[in-house]
Amino acid sequence: IKDWNNIDQVVLRSPRGASARVSLHGGQVISWRNERGEELLFTSSKAILKPPKAMRGGISIYFPQFGNCGMLEQHGFARNRMWSIDNEPPPTPSNDGNGKVSVDLLLKPSEDDLKCWPHCFEFRLRVSLAMDGNLTMVSRIRNIDAKPFSFSFAYHTYLSVSDISEVRIEGLETLDYLDNLCQRERFTEQGDAITFESEVDRVYLGSPNIVAVLDHEKKRTFVIRKEGLPDVVVWNPWERKSKTMVDFGDEEYKQTLCVDGALIERPVNLKPGEEWTAKLELSAIPSTYCSDH
Ligand code: BG6
């Protein structure tokens, strides 16, 4: 289907009624709903839906860099480009059946991209929705150049939460992190689950492959499973920064938390002919509480 800018979108529907919507602009997942039709990803009410910039929300891809350096756009160009449907997708693993629906997208550098980042690559992205509503994204980046190249990567994921002050992250305790609010200085997280009471912009290093985001008020837990992505970016702009972003509502920081499976501290060095793969799987499960009443 087309959006109102005439950009193609692909809607995936599981037999039980979960759905996901993927835009060819950026290869961005712009919606993910559970069987009850509840939206699980945040999209800003002020999001700018018109290219060239990625819209504020959903899951966008950071490639080939995290942050802002050199001639490249902030967080790389992949999220701002038009992707195409991949007509030669990689084979589906035989254990991938069971009512899974997916779309395969492809990004190749344009002439302009090559001026800022002179490396030939093929980036294949598969977005799948499983029978149980889990959302999976698999990225395959192949070096089709004659020389090696390095890159960083993230699945920039805006989770929808009821109230940021009721949310906590489990799985990042005791890890080292780079603090983007202090020139990427390195700190060590203390023992407790991470909670939020001010702006946070950190890259947690060498994290376990499962991280959980617990939304106490909504009684929902997001489970993030990742492969090939050692780091996790945690970002919430809080009040002051929200007011500086034109495509983000002043109060919307309360309803979202970005938790990104990422590879940042040690960029990949990919040799000619080599392929790098990374996978992210998201599930949203109702939390079971030991009753406190
Ligand atoms: C996060 C970064 O991943 O993305 C933040 O850690 C940044 O530093 C944020 O502000 C949003 O970036 P952008 O380019 O989408 O506004």
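Every residue gets a number counted from 1 within its own chain, in the order that chain's sequence is written. Thresholds applied to this predicted model are a pLDDT of at least 70 for local features of residues and 80 or more for the giving and counting of side-chain atom pairs; totals over whole chains, interfaces and linings are not thresholded and use all residues.

As named in an unreviewed UniProt entry, the protein is glucose-6-phosphate 1-epimerase, taken from Ananas comosus. UniProt positions are given in the numbering used here, feature names are shortened, and annotations may be inferred rather than shown by experiment. Under the UniProt heading Sequence similarities (unreviewed entry), the entry covering the protein gives this text: "Belongs to the glucose-6-phosphate 1-epimerase family."

Visitor: Would you explain the overall build of the protein in this entry?
Guide: Secondary structure counts use DSSP, requiring at least four H or I residues in a row for a helix and at least two E residues in a row for a strand, with both numbered from the N terminus. If you tally the helices and strands in the protein, you get 2 helices and 18 strands. Only the C-alpha atoms count toward the radius of gyration. The rule for a globule is 2.2 Å times the residue count to the power 0.38. In terms of overall dimensions, the protein is globule-like: its C-alpha atoms have a radius of gyration of 18 Å, near the 19 Å expected for 293 residues. Going through the 293 residues of the protein one by one, you find that 39% of them count as buried. If you take every contact in the protein between residues at least 6 apart in sequence, the share linking residues at least 24 apart comes to 67%. Once C-beta atoms are placed from the backbone, each residue is buried if 20 or more other C-beta atoms lie within 10 Å of its own, exposed if 12 or fewer, and partly exposed for counts between those two. We call two residues in contact whenever the C-beta atoms placed from their backbones are within 7 Å.

Visitor: Is there a simple way to explain the sheet that holds strand β15 (residues 220-227) in this structure?
Guide: Strand pairing within a sheet occurs via backbone hydrogen bonds; the two strands may be parallel or antiparallel. What makes two strands pair is DSSP finding at least two bridges between them. Ordered in space as β5-β6-β7-β8-β18-β15-β14-β10, the 8 strands form an open sheet in which the pairing is antiparallel. Each edge of the sheet is formed by a strand with only one pairing partner; in this case those strands are β5 (84-85) and β10 (167-170). Two elements, β5 and strand β6 (residues 101-107), share 2 bridges in a ladder whose sense is antiparallel. By the bridge assignment, Ser84 is partnered in β6 with Leu106.

Visitor: Would you take a moment to explain the confidence of the model for the protein for this structure?
Guide: Detail in the predicted coordinates should be disregarded across regions flagged by low pLDDT. By definition, pLDDT measures how confident the predictor is in each residue, and it falls between 0 and 100. In this model, the protein carries a mean pLDDT of 94, and residues with pLDDT of at least 70 account for 97%. ipTM for the predicted complex: 0.97, alongside a pTM of 0.96.

Visitor: Explain the nonpolar core to me, please; I cannot follow it from the model alone.
Guide: Buried together is how nonpolar side chains tend to be arranged in soluble globular proteins. By size, the foremost hydrophobic cluster in this structure holds 69 residues, and its most contacted members are Val234, Val259 and Ala262. Sorting elements by how many residues they give to this core places strand β9 (residues 149-160) first, with 6 residues. A set of buried residues drawn from Ala, Val, Leu, Ile, Met, Phe, Trp, Tyr and Cys, joined through C-beta atoms within 7 Å, is what defines a nonpolar core.

Visitor: Help me understand the environment of Leu12 in this model?
Guide: If you trace the backbone, Leu12 turns up in strand β1 (residues 9-13). Between the C-alpha atom of Leu12 and that of Ala130, which follows or precedes it by 118 residues, the distance is 9.7 Å. Apart from the residues within four sequence positions on either side, Leu12 is in contact with Ser19, Ala20, Val101, Ser102, Val103 and Leu129.

Visitor: Even after reading the chapter, I still don't get the site of the ligand, so can you show me in this structure?
Guide: Neighbouring residues of the ligand: Gln74, His75, His156, Asn180, Asp201, Val233, Trp235 and Cys258. Each residue gets one label: Ala, Val, Leu, Ile, Met, Phe, Trp, Tyr, Cys and Pro are nonpolar, Asp, Glu, Lys and Arg are charged, and the others, such as Gly, are polar. Residues that form the shell around the ligand fall into these classes: 3 nonpolar, 4 polar and 1 charged. For each residue, a C-beta position is placed from the backbone atoms; the residue is near a molecule or strand when that point lies within 6 Å of it.

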